[in-house]
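Listed below, chain by chain, are the residues.
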Amino acid sequence: MTTVRPRARPSVDPGPPRPDARLGIFGPIRRFATDSNSVFERQLCTAAVFFLAQLLLLGPGIEITVPTAWIIGNLVMVAATGAATVVRTARIPPRAAMVIPMASILAVGFLRAGTGGAFSVYTILLALPVMSLGVEPGRLPLLLGAPVTIAALALPLLFGAAATEDGNWARIVFVPIVLGLICLSANELTRRLRSRVRAVRKLQEEQASLLVQARRSAESAQAASNLARESARALTGVVNAVTEQSIIATDETGRIEVFNAGAARMLKVAAHDVLGRSILRFHRADELAGSGDVARFDCLTAGVREGTPSRGDWTYVAGDGTELRVQLSVTARRDASGGVDGFLFVAADVTAEREQAKMKDEFVNLISHELRTPLSSILGYLELVADDEENPLSKEQLTYLTVIERNANRLLRLVSDLLFTAQVESGRFRVQEQPIDLNAVMRSALDTARPAARSRNVRILLSTCAESVVVPGDQMRLAQAVDNLISNALKFTPAGGRVALTLRADDSADGSGGDRALICVSDTGVGIPADELDQLFGRFFRASTATKNAIPGVGLGLTITRAIAHAHGGDIRVASTLGEGTSFTLSLPRVRVPATPEGVADRP
Amino acid sequence: MTADDGPPEPTPPTTVVIADDDADIRALVAIAARRAGATVEACVGDGVQAWQAIEQTRPALAVLDVAMPGLTGLEICRLIRRNPGLTGTRILLLSASVHAVAVNDGMLAGADLYVEKPFGVRSLATRIGDLLRPGAGGP
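Residues numbered from 1 in each chain as written. Chains lettered and ligands numbered in written order. Predicted model: local features only at pLDDT ≥ 70, side-chain atom pairs only at ≥ 80, totals over all residues. Heavy atoms only, no water.

Trainee: Before we go on, may I ask you to explain the overall build of chain A in this structure?
Mentor: Secondary structure assignment for chain A yields 18 helices and 12 strands. Expressed as a percentage of its 604 residues, the buried residues of chain A come to 36%. The long-range share in chain A, meaning contacts at least 24 apart out of those at least 6 apart in sequence, stands at 63%. Counting every atom, chain A has about 33300 Å² of accessible surface; 61% of that belongs to carbon and sulfur. (Helix = DSSP H or I, 4+ residues; strand = E, 2+ residues; numbered from the N terminus. Buried < 20%, exposed > 50% of the residue type's maximum accessible area, 1.4 Å probe, protein only. Contact = heavy atoms within 4.5 Å. Areas by Shrake-Rupley, 256 points an atom, 1.4 Å probe, with all protein chains shown as cover.)

Trainee: Would you mind going over the interface of chain B and chain A with me for this structure?
Mentor: Size of an interface, as often reported, equals the accessible area lost when the parts are brought together. Across the boundary between the two partners, chain B contributes 18 residues, which contact 17 residues of chain A. Together, the buried faces of chain B and chain A total about 1700 Å²; carbon and sulfur atoms form 57% of this surface. Joining chain B to chain A, the criterion identifies two salt bridges. Salt-bridge contacts for Asp387(A) lead to Arg122(B); the nearest nitrogen and oxygen are separated by 2.1 Å. For the interface between chain B and chain A, the tally reads six residue pairs in polar contact (both at pLDDT 80 or more). Among the residues making up the side of chain B that touches chain A, the classes are represented as 11 nonpolar, two polar and five charged. (Buried area = accessible area lost by both parts, 1.4 Å probe. Salt bridge = Lys/Arg side-chain N within 4 Å of Asp/Glu carboxyl O. Polar contact = N/O pair within 3.5 Å; in protein donor to acceptor, adjacent residues only side chain to side chain. Nonpolar A, V, L, I, M, F, W, Y, C, P; charged D, E, K, R; others polar.)

Trainee: Would you mind showing me how to read the sheet that holds strand 3 (residues 61-65) of chain B here?
Mentor: Strand pairs in the sheet, formed through backbone hydrogen bonds, run parallel or antiparallel to each other. All names here are of chain B. Strand order in this open sheet of five strands is 2-1-3-4-5, and the pairing throughout is parallel. The open sheet has two edge strands with one neighbour each: strand 2 (39-44) and strand 5 (113-116). On average, each strand axis in the sheet is inclined to that of its neighbour by 15 degrees, with strand direction left out of account. Where strand 1 (residues 15-19) meets strand 2, five bridges bridge the pair, whose relative direction is parallel. (Pairing = 2+ DSSP bridges. Axes fitted to C-alpha atoms, helices over the stretch in contact; angles between N-to-C directions.)

Trainee: Even after reading the chapter, I still don't get the packing of aromatic side chains, so can you show me in this structure?
Mentor: Any aromatic ring pair is given by two values, namely how distant the centres are and how the planes are angled relative to each other. All names here are of chain A. Tallied over the full model, the rule gives five aromatic pairs over all chains. Seen from their ring centres, Phe259 and Phe282 are 5.8 Å apart, and the 25 degrees between their planes marks the pair as stacked. Within this pair, whereas Phe259 is found in strand 2 (residues 256-259), its partner Phe282 is found in the loop between helix 10 (271-274) and helix 11 (293-300), the two being separated by 23 residues in sequence. Both residues of the pair, Phe259 and Phe282, belong to the buried class. With a centroid separation of 6.1 Å and 55 degrees between ring planes, the pair formed by Phe297 and Phe345 is classed as tilted. (Phe/Tyr/Trp six-rings, centres within 6.5 Å; stacked < 30°, edge-to-face > 60°.)

Trainee: Would you mind going over helix 2 (residues 47-57) of chain B with me for this structure?
Mentor: Because an α-helix packs 3.6 residues into every turn, residues spaced three or four apart end up facing the same way. All names here are of chain B. By the burial criterion, the buried members of helix 2 are Gly47, Ala50, Trp51, Ala53, Ile54 and Thr57. End-on, the buried residues of helix 2 take up no more than an arc of 165 degrees, which puts them together on one face. Buried residues along helix 2 sit against strand 1, strand 2, strand 3 and helix 3 (73-82). Positive phi shows up at Arg58, right after helix 2, with a value of about 40 degrees. (Arc of directions from axis to C-beta.)

Trainee: Please explain the packing of helix 14 (residues 438-456) of chain A against helix 15 (residues 475-491) of chain A as it appears in this structure.
Mentor: Packed helix pairs are characterised by how far apart their axes lie and by the angle those axes make with each other. Residue and element names in this part refer to chain A. At a closest axis distance of 9 Å, the pairing of helix 14 and helix 15 adopts a crossing angle of 30 degrees. By the angle between their directions, the pair helix 14 and helix 15 is classed as roughly parallel. Viewed along their axes, helix 14 and helix 15 form a crossing whose handedness is right-handed. Along its contact with helix 14, which presents Leu438, Val441, Met442, Ala445, Ala449, Ala452, Ala453 and Arg456, the element helix 15 presents Gln475, Leu478, Ala479, Val482, Asp483, Ile486, Leu490 and Lys491. (Parallel < 35°, antiparallel > 145°, perpendicular 65-115°, else oblique. Left-handed = near helix turned anticlockwise from the far one by under 90°.)

Trainee: What is the right way to look at a nonpolar patch on the surface in this model?
Mentor: All names here are of chain A. On the surface, a nonpolar cluster with roughly 400 Å² of combined accessible area is contributed by Leu411, Leu414, Leu418, Phe540 and Val554. Note on placement: Leu418 falls in helix 13 (residues 395-425). Given a relative accessible area of 38%, Leu418 falls into the partly exposed group. (Patch = residues over 30% accessible without salt bridge, like charges linked within 9 Å, V, L, I, M, F, W, Y side chains within 5 Å.)

Trainee: In this structure, what is going on with the pattern of salt bridges? I would like to understand it.
Mentor: Two side chains carrying opposite charge are able to pair once their charged atoms lie near each other. All names here are of chain A. Enumeration according to the criterion identifies 19 salt bridges over all chains in this entry. For Glu244, the salt bridge goes to Arg265, with nearest N and O atoms at 3.2 Å. In this pair, Glu244 sits in the loop between helix 8 (168-241) and strand 1 (245-250) while Arg265 sits in helix 9 (residues 261-267), placing the two residues 21 residues apart along the sequence. Assessed through its relative accessible area of 51%, Arg265 is described here as exposed. Note that Arg354 and Asp313 form a salt bridge whose closest N and O atoms lie 2.3 Å from each other. Of this pair, Arg354 sits in helix 12 (residues 351-386) while Asp313 sits in strand 3 (residues 310-317), and the two are 41 residues apart along the sequence. Asp313 sits in the partly exposed class, given a relative accessible area of 27%. Among the charged side chains, a network of salt bridges with common partners joins Glu188, Arg191 and Arg192.

Trainee: What should I look at first to understand the side chain of Asp20(B) in this one?
Mentor: Residues and elements named next belong to chain B. Tracing the chain through its elements places Asp20 in the loop between strand 1 and helix 1 (23-35). A residue is classified by how much of its surface remains accessible, and Asp20, at 0% relative accessible area, is buried. Here the side chain of Asp20 touches Asp22 through a polar contact of 2.9 Å, landing on its backbone nitrogen. Among the polar contacts made by the side chain of Asp20, one reaches the side chain of Lys117 at a distance of 3.1 Å. Excluding anything up to four places from it in sequence, Asp20 contacts Ile25, Arg26, Val44, Gly45, Asp65, Met68, Leu94 and Lys117.

Trainee: Sorry, what's going on with the nonpolar core here?
Mentor: Side chains of nonpolar character tend, in soluble globular proteins, to be buried together. Residue and element names in this part refer to chain A. Ranked by size, the top nonpolar core spans 44 residues in total, and within it Leu438, Ile486 and Ile519 carry the most contacts. Elements with a minimum of two residues in this core: helix 14, helix 15, strand 9 (498-506), strand 10 (516-523), helix 17 (557-567) and strand 12 (581-589). Leaving out residues up to four positions away in the same chain, Ile519 has contacts with Leu438, Met442, Val482, Thr502, Leu503, Phe584, Thr585, Leu586 and Leu588. Among the nonpolar cores identified, the runner-up in size contains 26 residues, and Phe297, Leu300, Val330 and Phe345 belong to it. (Core = buried A, V, L, I, M, F, W, Y, C linked by side-chain atoms within 4.5 Å.)

Trainee: For this particular structure, what's the right way to read the pairing of strand 3 of chain B?
Mentor: Residues in a regular strand point their side chains to alternate faces of the sheet. All names here are of chain B. Across the five residues of strand 3, five count as buried, placing the element largely inside the fold. By the alternation rule, side chains of strand 3 split into Leu61, Val63 and Asp65 and Ala62 and Leu64, which are all buried. Taken together, the four bridges between strand 1 and strand 3 define a ladder with parallel strand orientation. What sits directly across from Val16, in strand 3, is Leu61.

Trainee: Is there a simple way to explain helix 17 of chain A in this structure?
Mentor: All names here are of chain A. Within helix 17, the full set of buried residues consists of Leu558, Thr559, Ile560, Thr561, Ala563, Ile564 and Ala565. Those residues of helix 17 that are buried lie in contact with helix 13, helix 15, strand 11 (571-577) and strand 12. The first or second residue beyond helix 17 is Gly569, which carries a positive phi of 75 degrees.

Trainee: Explanation requested: the sheet that holds strand 3 of chain A in the structure shown.
Mentor: Residues and elements named next belong to chain A. Taking strand neighbours across the sheet as the criterion, the five strands line up as 2-1-5-4-3 in an open arrangement whose pairing is antiparallel. The sheet terminates laterally at strand 2 and strand 3, the two strands that pair on one side only. Each strand of the sheet is rotated relative to its neighbour by a mean of 30 degrees, with strand direction disregarded. Both strand 1 and strand 5 (residues 340-349) contribute to a ladder of six bridges, which runs antiparallel. Following the sheet pairing, Ser246 is matched in strand 5 by Ala347. Together, strand 3, strand 4 (323-334) and strand 5 form the strand contacts of helix 12, whose direction differs from that of strand 4 by roughly 125 degrees.

Printed below as a string of structure tokens:
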């Protein structure tokens, strides 16, 4: 027996249910009609009817007229049935199995010829093998079946019946046509049935595979949803574990969507009280320019929308009205397409830090004030004593006073330097920009340095620029920077050495505004070890050559010089060879002086 | 100094009020003022006294420390500039602060000159002399 699914599936997977199991007794019938391999069953059916029908011969009225034909008919039927058994087991091609119903047609033909020819009641038995042939797929069985049927009907002629006798010809022509039509109908019906069954089977298979797919995707969807839930829980946990920073996420208009535990703690309100409300309720209106919530919120998120995160100090007003200073970072929240769909506000309470910084500032200011006031008195009264024309001092006394004055000035410088570094550190140092001609600054620095150079027996040389070199800057601070560099050079250069001051203008090739002024202070001094060069500008750093040679100083000069350079948008570089000398180059952005008419004429 | 001043005894044109919370500095400023030929009308240690002295004596010059108890130098500066009776009074601010912002504040408050501490007596005397000289640029 042929199974619907020729290949057994693994027993663990039952697969779709076998159609036969559900069809009950209709199974064999269905197979009869549709299964091209069921030729044995059909033959068995034909043979059974064939032999049972012959029981009629025992009764009156029907007789064997041509025993030879009758015997041949039965033998052919037995042979055909035997062949069907072989076909069933031997797996010969389905087309070859068509021979069996054709043999059955002939067997019926012989039976008919042997039992009265045209008058035989067994003519009708032809329907069975013809049907069997008709259900074979394709039209070929019909084409082959027609001549065989005609031949079977013509058999009585072979055994002596006249062709014209009793309408033999009519039967030979008419019966095959009827049978052919029946066969054609059966063939067409089975073809349809077969294709429908094929479609149903295909559908079943598709359904089964869809079912498997659906099961799989349901499983992966479940896993994904578990993962998403897990990561959402983890994220919420992380955000809420941040208790020292306030994390607030808003939509595009500033309505609060996320309010973490840190925010609740810092702003003293519960999340459920503020969700959906505007974040502006935590800001002081006077810190946000513009009127109306939209303008104020735009002020808070200025630039963020365009992709520049903002970071700055703001005042938060907590739920109980207390104010706190926060450092607030504002970033944009973006959707999958990159559009802004909200903002994230992360704030840290810096009230204490800002208070401390303010106190430090005040302390430095106070100290500098308190130190400068007595120094003012010391220097003022020293001047009075030294200048007292009515009571002139002896030369020796004047020398002593000079020492006192020098030291008072040193103290004063130290206080000023400390105050200045404190200003730089707190970011309060701002340059009051004015156009400054560096040639004048250099000449004045040379004048200031000359007495010290003379006393140390160091030659000091100045090379200024033929044209004026103007930078936007603070005269006093620039002079201080140059003085610092020169005073260092003098301090570190042994007697007989040289200090060279050079000013030159470095024009950018295209005149696009990259022009710089370069101030170079070089000496033939003791030099600085290479491994100390990068620490040189640090606060209170002193080179080993300074400490070794007991050169006085506290290590603020270069810190201040670099701070001044940076405040002017410039920079400072150092090059040094131990034992040969050091060279500092201060580079400042300069403005080109509008060319005079002659100047224009000079440049074609 | 306005032309239609009524009082019969006109204020001498070279009177000075000095205010600084440090007595030594006050004395030093007073010496410089005298060297410049001025008469020191008052030499006080806090802002309130300074303002009283200025209102009473209507000096030609007020030398004020910026940081003082009572009223600060800047506050007195503004009071003087708001008082129509004191249009002729010049103001010299003294400060130990070197912030450029502080200098700017002083000038905005109406000071004529801003002198940083420490100062040389001789140079301060010269500056006071310049401020008191008739015809020197008014406020």
